[in-house]
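Close look at the chain arrangement
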2 protein chains.
Amino acid sequence: MDFTELTPDLVPFLGQAAYIQLEMFENLSRAVALAPDLGAKERLSASAGVALRKHHALIEQLRRLGAEPAEVMAPFAPALDAFRRATAGSDWWELLLSSYITAGMLDDYFTALASGLSPDARSRVVHILAEDGGAAALVRELATGIAEIPGLADRLALWGRRLVGDTLLVARSALRSGSSAAADARIEPVFTELIAAHTRRMDGLGLTA
Amino acid sequence: MDFTELTPDLVPFLGQAAYIQLEMFENLSRAVALAPDLGAKERLSASAGVALRKHHALIEQLRRLGAEPAEVMAPFAPALDAFRRATAGSDWWELLLSSYITAGMLDDYFTALASGLSPDARSRVVHILAEDGGAAALVRELATGIAEIPGLADRLALWGRRLVGDTLLVARSALRSGSSAAADARIEPVFTELIAAHTRRMDGLGLTA
């Protein structure tokens, strides 16, 4: 697939991806603060560390290009802040599901979109976003809660449906501005794959996607 | 100075030090979330990363010893949670000063107390706690605020005095339980040096200690 027309220029691409990781970090550090026990707190702090490392690695790429990270991220902040507020959830469980679902989808998405960057930039971005280990603690806590708390599975299944819609809107808005209808059509298979991966994540938790 | 009678055994020492870093991380990640602009948010996220790395490095030492980190940290949680609540401050500025002052004093203190560990454990702990880079962003934001906001210096000077008292109480409670009065007297020069370093930090910000 040729993503050249869809992928933003490298600097805004990195700024957007970096800001998303900063928001993921904020969600996860709130999950650490709200954790009901020390084991969960400790495990989630490792997840927060992964998001923070991705953020700093993307920032480092911006610095190498001589860009000022805060300036580059600023235009994306209002929409992404609103996204984070909309997906923060009403309690710890919803926050955990958000952290798992939105980070999973957006990491996948920016990895796909990176195909439109130069080979060199692409391989660095893909390497940064591929760092694993953030999701395991989330899945563990969620699976325990779903098994033990009556009604939680139904509530989280509903919440997951809302998350996927909001996240796809963010993904669509991340496309190069002014891309044509033909270009938009070219991204459709990526969205289809994002939704399929989302369904697998929900299935893995025993939730109806 | 011989700290053998004062320093807790290695496992509780590490648990206590690790939990303190987790609390420092929680404070700093709250400072990230509350930051008034993206530049400050980005710089403070690096400070949060330093505290998180120290936490995880200390946890790693516990794992090497076959200890379960959450279990080892648990006995220290109530007092340290209360300490964090007491030192959280009423706004972003007080939170920043707390993060700077309490982390500075407690890192110095646990570094001193590590003299009572085996040479091998001591050198690992000292190396972990010596990671630098957490304070620079805090000093930068605080210095800017103090220069620009009328009345902030006076308010933070008062707040700093309260912080030093609360932090010394935590430091004293971290001594091996049941240590003798003679042992307690031996720790006094360490407290004197902690207060001197605190005064230098406050002076550096133009605040009366």
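Residues numbered from 1 in each chain as written. Chains lettered and ligands numbered in written order. Predicted model: local features only at pLDDT ≥ 70, side-chain atom pairs only at ≥ 80, totals over all residues. Heavy atoms only, no water.

Labelled according to an unreviewed UniProt entry, chain A appears under the name Ferritin-like domain-containing protein, originating from Agromyces atrinae.

Turning our eyes to something else, we now look at the interface of chain B and chain A. Taken together, the 24 residues of chain B in the interface contact 24 residues of chain A. Here chain B meets chain A over a buried area of about 1,700 Å², counting both sides, of which 69% is carbon and sulfur. Considering only the surface of chain B that becomes buried against chain A, B:Glu26, B:Leu38 and B:Glu42 emerge as the three largest contributors, covering 32% of it. For the interface between chain B and chain A, the tally reads two salt bridges. A:Lys41 serves as the salt-bridge partner of B:Glu26, at 2.7 Å between the closest nitrogen and oxygen. Counting every contact that joins chain B to chain A gives six residue pairs in polar contact (both at pLDDT 80 or more). (Contact = heavy atoms within 4.5 Å. Buried area = accessible area lost by both parts, 1.4 Å probe. Salt bridge = Lys/Arg side-chain N within 4 Å of Asp/Glu carboxyl O. Polar contact = N/O pair within 3.5 Å; in protein donor to acceptor, adjacent residues only side chain to side chain.)

On to the packing of helix α7 (residues 135-148) of chain A against helix α8 (residues 152-173) of chain A, then. Packed helices, taken two at a time, are described by the angle between their axes plus the distance between the axes. Residues and elements named next belong to chain A. Packing of α7 against α8 leaves a shortest axis separation of 7 Å and a crossing angle of 130°. Between α7 and α8, the interaxial angle falls into the category oblique. When α7 is examined against α8, the residues Leu142, Gly145 and Ile146 are found in contact with a partner set consisting of Leu152, Ala153 and Leu156. Tallied by class, the residues present in the contact of α7 with α8 amount to five nonpolar, one polar and no charged. (Axes fitted to C-alpha atoms, helices over the stretch in contact; angles between N-to-C directions. Helix = DSSP H or I, 4+ residues; strand = E, 2+ residues; numbered from the N terminus. Parallel < 35°, antiparallel > 145°, perpendicular 65-115°, else oblique. Nonpolar A, V, L, I, M, F, W, Y, C, P; charged D, E, K, R; others polar.)

This next bit is on the environment of B:Glu71. Residue and element names in this part refer to chain B. You can see glutamate 71 is positioned in helix α3 (residues 69-73). Looking at glutamate 71, the relative accessible area reads 61%, which means it is exposed. Residues glutamate 71 and glycine 116, spaced 45 residues apart in sequence, show a C-alpha to C-alpha distance of 23 Å. (Buried < 20%, exposed > 50% of the residue type's maximum accessible area, 1.4 Å probe, protein only.)

Before going further, it helps to examine the relation of the copies chain B and chain A. Mapping chain B onto chain A calls for a rotation angle of 180° and an axial translation of 0.0 Å; the resulting RMSD is 0.0 Å. Expressed as a symmetry operation, the mapping of one chain copy onto the other fits a two-fold axis. Scanning chain B for the C-alpha nearest the rotation axis identifies B:Ser29, at a separation of 3.1 Å. Comparing contact sets, 100% of the residues at the interface of chain B also lie at the interface in chain A, consistent with an isologous, same-surface contact. (Least-squares fit on C-alpha atoms with pLDDT ≥ 70 in both.)

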